[in-house]
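# What the coordinates show
Here is how the chains run, residue by residue.
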Amino acid sequence: MIAKLPALGIVISGRGSNMAAIVRAAQCGALPARIAVVIADRAAAGLELAQALGITTETIPAREFADRTAFDAALAAALDQHGADFIALAGFMRILGAVFVGRYRGRLINIHPSLLPQHKGLHTHAQVLAAGDASHGASVHFVTPDLDGGPVIAQASLQVQPADTASSLSARVQQLEHMLYPKVCGWVASGRVQLDGDRVLFDGLPLDQPLIDSITPRTRHAGGAVC
Ligand code: GAR
């Protein structure tokens, strides 16, 4: 009997380039999951991209809800209706409440454009330049009620160059994200990565620090896909 692939729900707010990298990885078999649905909280450009990739989409317009609790409940209902076993936030720009986060604890991951715990919040590329950091990158972490503060699973990094601007850093970090995020989704889908209290387990053993991915843009395949 062929085992059923776990179902991944992806939640976006914007362009959806990370979502597309995850979808492509699932479609070529590099990520052992099926994409159940892509949901946006607004008329995000990434919805058309998802549809072009043959994925079911939903829009749950946040501004039509009275408060965060009501929006979170609608989002959870949609994810459950589509049978999402785990959820990847991919450029989702809203804060989720503790009830939502608790409901999906250990099954909810996010990608953040910095080497957490450095530079939480918004405008991370400008934060890196203002701080004069030598390195920068992206982190994938389990989501907890602590904003951008959940246990980090893995990171990919780059060296900041003297000529870098916020925009060049954004582009370079996104190249890393498109390789890192599908890979981590695969680890979560296959059960290799798990949340145990406040620790991340990899193959059943606690991580002392995030996995550092050695991927570089040089190893990137055409189009940024992982396969
Ligand atoms: C990504 O760089 C992601 O790390 C960031 O938004 C971008 C979305 O791009 N996420 C956050 O800042 C979350 N706080 P995309 O829509 O093209 O994937």
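For the structure, check the block above.
Please read these numbers as outputs of a predicted model, since none were measured by experiment.

A tally of helices and strands in the protein yields 6 helices and 11 strands. Over its C-alpha trace the protein gives a radius of gyration of 17 Å, about what one expects of a compact globule, namely 17 Å for 227 residues. Projected onto the principal axes, the alpha-carbon positions of the protein cover approximately 50 × 45 × 40 Å. A total of 227 residues make up the protein; the buried ones form 49% of that total. If you sum the accessible surface of the protein, you get close to 10700 Å²; carbon and sulfur atoms cover 54% of it. In the protein, 18 positive and 18 negative side-chain charges are present, and the distance between their average locations comes to 4 Å.

Next up on the list: helix H3 (residues 68-81). Given a rise of 1.5 Å per residue, 14 residues ought to cover 20 Å, and the 20 Å separating the end C-alpha atoms of H3 matches this to within 8%. All of the buried residues along H3 are Phe-71, Asp-72, Leu-75, Ala-76, Ala-78 and Leu-79. Each buried residue of H3 sits inside an arc of 165° when the element is viewed along its axis, so together they form one side. Within H3, the exposed residues directed more than 90 degrees away from the buried face are Thr-69 and Gln-81. Where H3 is buried, its residues contact strand S1 (7-12), strand S2 (34-40), strand S3 (57-59), strand S4 (86-89) and helix H4 (98-103). Two to three positions downstream of the cap, the backbone nitrogen of Thr-69 sits 3.3 Å from a side-chain oxygen, assigning the N-cap of H3 to Asp-67.

Moving on: the site of the ligand. By nearness alone, every residue bordering the ligand is listed as Arg-15, Gly-16, Ser-17, Asn-18, Gly-91, Met-93, Ile-111, His-112, Pro-113, Gln-174 and Glu-177. Residue Arg-15 places a side-chain N or O atom 3.4 Å away from an oxygen atom belonging to the ligand. Between the ligand and the protein, one listed contact pairs an oxygen atom with a backbone N or O atom of Asn-18 at 2.9 Å. With the chains in place, 87% of the 450 Å² that the ligand exposes on its own is no longer accessible. Of all the secondary structure elements, the ones that give two or more residues to the shell around the ligand are helix H1 (17-27), strand S5 (108-112) and helix H6 (166-190). A breakdown of the residues in the shell around the ligand according to their chemical character gives 3 nonpolar, 6 polar and 2 charged.

Rules and cut-offs
- Residues numbered from 1 in each chain as written.
- Predicted model: local features only at pLDDT ≥ 70, side-chain atom pairs only at ≥ 80, totals over all residues.
- Heavy atoms only, no water.
- Helix = DSSP H or I, 4+ residues; strand = E, 2+ residues; numbered from the N terminus.
- Rg over C-alpha atoms; globule rule 2.2 N^0.38 Å.
- Buried < 20%, exposed > 50% of the residue type's maximum accessible area, 1.4 Å probe, protein only.
- Areas by Shrake-Rupley, 256 points an atom, 1.4 Å probe, with all protein chains shown as cover.
- Lys, Arg positive; Asp, Glu negative; His and termini not counted.
- Charge placed at Lys NZ, Arg CZ, Asp CG, Glu CD.
- Expected span 1.5 Å × (residues − 1).
- Arc of directions from axis to C-beta.
- Contact = heavy atoms within 4.5 Å.
- Polar contact = N/O pair within 3.5 Å; in protein donor to acceptor, adjacent residues only side chain to side chain.
- Near = heavy atom within 4 Å.
- Nonpolar A, V, L, I, M, F, W, Y, C, P; charged D, E, K, R; others polar.

Fair warning: the whole summary comes from geometry, so function is off the table for now.
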